[in-house]
Amino acid sequence: MATGRTDPQRRERILAATLDHIADEGVVGVSHRRIAARAEVPLGSMTYHFSGIDDLLREAFTRFADQIVAVFEQHLGRASTAEEAREAVTDLIHVLSEGPRRELVLTQELYTLAARRDEYRELTHAWMNRSRRLLEQHFDPDTARRLDALIEGLTLHRALDTEPSSRELTRQAVERMTSGA
């Protein structure tokens, strides 16, 4: 294992290993020892870079939320008309629901933590606000809030359903929700 002086990416590897571990085994299995082994770093690196497990989890989940917001930005940033924005939301739902199971698991693990603990609720609240601001570039605030919930709900339903709904059904749901926007 490399020392800190020759391993400038150590902190990033620890965060990536934390997300990988959560995706594979859940939050409940996170420990300094397990993450250090997975990241292939000395155990002491964990307390050097993070004040504790909660600090590690908050930073890892913040990184994950940033990645999802980047997907929102990528899709919504291309839209310049209301119809393009509706199509972007439809695309977003399908990309998120058809993507790697890892993202679905990480999202649900974060939501479970947020349901139990206020500091993670604050993290999810900040994530939702960022997503809504991107949606508000194309829709009024109330519609953006409803669309954000639709994206979350349809993504989860499509990812877990044995026969996911069609793109046309998703497009119709987005159209109905935004027709007055």
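Before reading further, recall that the structure is shown in the block above.
On a predicted model such as this, the values are computed, not experimentally measured, just so you know.

**Student:** Can you explain the side chain of Asp-55? Please cite residues and give values.
**Tutor:** With respect to the secondary-structure elements, Asp-55 resides in helix α4 (residues 53-76). One buried charge, Asp-55, has no salt-bridge partner; the nearest side chain with opposite charge is Arg-58, at 4.5 Å. Ignoring sequence-local partners within four residues, the contact set of Asp-55 consists of His-49 and Phe-50.

**Student:** Requested: an account of the packing of aromatic side chains, with residues and values cited.
**Tutor:** Enumeration over the complete set of coordinates arrives at two aromatic pairs. Note on Phe-64 and Trp-127: the rings are 5.8 Å apart at their centroids and 85° apart in plane angle, and the pair reads as edge-to-face. A residue pair is termed long-range when its members are at least 10 positions apart, and Phe-64 in helix α4 and Trp-127 in helix α7 (residues 118-135) qualify at 63 residues. With respect to burial, Phe-64 and Trp-127 carry one shared label: buried. Seen in terms of ring centroids, Tyr-111 and Trp-127 are 6.1 Å apart; in terms of plane orientation they differ by 35°. Their pairing is tilted.

**Student:** Just give me the short version of the packing of α7 against helix α8 (residues 141-160), but keep the residues and values in it.
**Tutor:** If you want to describe how two helices pack, look at the angle between their axes and the distance between the axes. The contact between α7 and α8 brings their axes to 9 Å, and the two run at 115°. Of the two elements, α7 crosses α8, and the hand of that crossing is right-handed. Only Ala-144, Arg-145, Leu-147, Asp-148 and Ile-151 of α8 make contact with α7, whose side of the interface consists of Met-128, Ser-131, Arg-132 and Leu-135. Of the residues in the contact of α7 with α8, the class split is five nonpolar, one polar and three charged.

**Student:** Provide a residue-level description of the packing of helix α1 (residues 10-25) against helix α6 (residues 101-116), including the pertinent values.
**Tutor:** Where α1 contacts α6, the axes come no closer than 9 Å and their chain directions differ by 90°. In terms of orientation, α1 and α6 fall into the roughly perpendicular class. Residues Ala-16, Leu-19, Asp-20, Ile-22 and Ala-23 of α1 form the contact with α6, whose participating residues are Arg-102, Val-105, Leu-106 and Glu-109.

**Student:** Could you give an account of the environment of Ile-93, with specific residues and numbers?
**Tutor:** On the secondary structure map, Ile-93 appears in helix α5 (residues 82-98). The buried category is assigned to Ile-93, whose relative accessible area is 0%. Each C-alpha atom of the pair Ile-93 and His-138 lies 16 Å from the other, and the pair is 45 residues apart in sequence. Ignoring sequence-local partners within four residues, the contact set of Ile-93 consists of Ile-151, Leu-154, Thr-155, Arg-158, Thr-170 and Val-174.

**Student:** Which residues make up the side chain of Thr-124, and what are the values?
**Tutor:** Position of Thr-124 among the secondary structure elements: in helix α7. Here Thr-124 falls in the buried class, since its relative accessible area comes to 6%. Sequence-distant contacts of Thr-124, defined by excluding residues within four places in its chain, comprise Leu-110, Tyr-111 and Ala-114.

**Student:** With reference to specific residues and values, describe the nonpolar core.
**Tutor:** Grouped together as the largest cluster of nonpolar side chains are 47 residues, with contacts concentrated most on Phe-61, Phe-72 and Val-89. At ten residues, the largest contribution of residues to this core is made by α4. Ignoring anything within four residues of it in the chain, the contact list for Phe-72 reads Gly-77, Leu-92, Leu-96, Ser-131, Leu-134, Leu-135, Asp-148 and Ile-151.

**Student:** Explain the pattern of salt bridges residue by residue, including any values.
**Tutor:** Here the structure, examined in full by the defined rule, presents 16 salt bridges. The shortest N-O distance in the salt bridge between Asp-54 and Arg-117 comes to 2.7 Å. In this pair, Asp-54 sits in helix α4 while Arg-117 sits in the loop between α6 and α7, placing the two residues 63 residues apart along the sequence. According to the relative accessible area criterion, Arg-117 is partly exposed, its value standing at 28%. A salt bridge links Glu-168 to Arg-171, with the nearest nitrogen and oxygen atoms 2.5 Å apart. Separated by three residues within a single helix, Glu-168 and Arg-171 lie in helix α9 (residues 167-178), roughly one turn from each other.

Criteria and cut-off values
Residues numbered from 1 in each chain as written. Predicted model: local features only at pLDDT ≥ 70, side-chain atom pairs only at ≥ 80, totals over all residues. Heavy atoms only, no water. Helix = DSSP H or I, 4+ residues; strand = E, 2+ residues; numbered from the N terminus. Buried < 20%, exposed > 50% of the residue type's maximum accessible area, 1.4 Å probe, protein only. Lys, Arg positive; Asp, Glu negative; His and termini not counted. Salt bridge = Lys/Arg side-chain N within 4 Å of Asp/Glu carboxyl O. Contact = heavy atoms within 4.5 Å. Phe/Tyr/Trp six-rings, centres within 6.5 Å; stacked < 30°, edge-to-face > 60°. Axes fitted to C-alpha atoms, helices over the stretch in contact; angles between N-to-C directions. Left-handed = near helix turned anticlockwise from the far one by under 90°. Nonpolar A, V, L, I, M, F, W, Y, C, P; charged D, E, K, R; others polar. Parallel < 35°, antiparallel > 145°, perpendicular 65-115°, else oblique. Core = buried A, V, L, I, M, F, W, Y, C linked by side-chain atoms within 4.5 Å.

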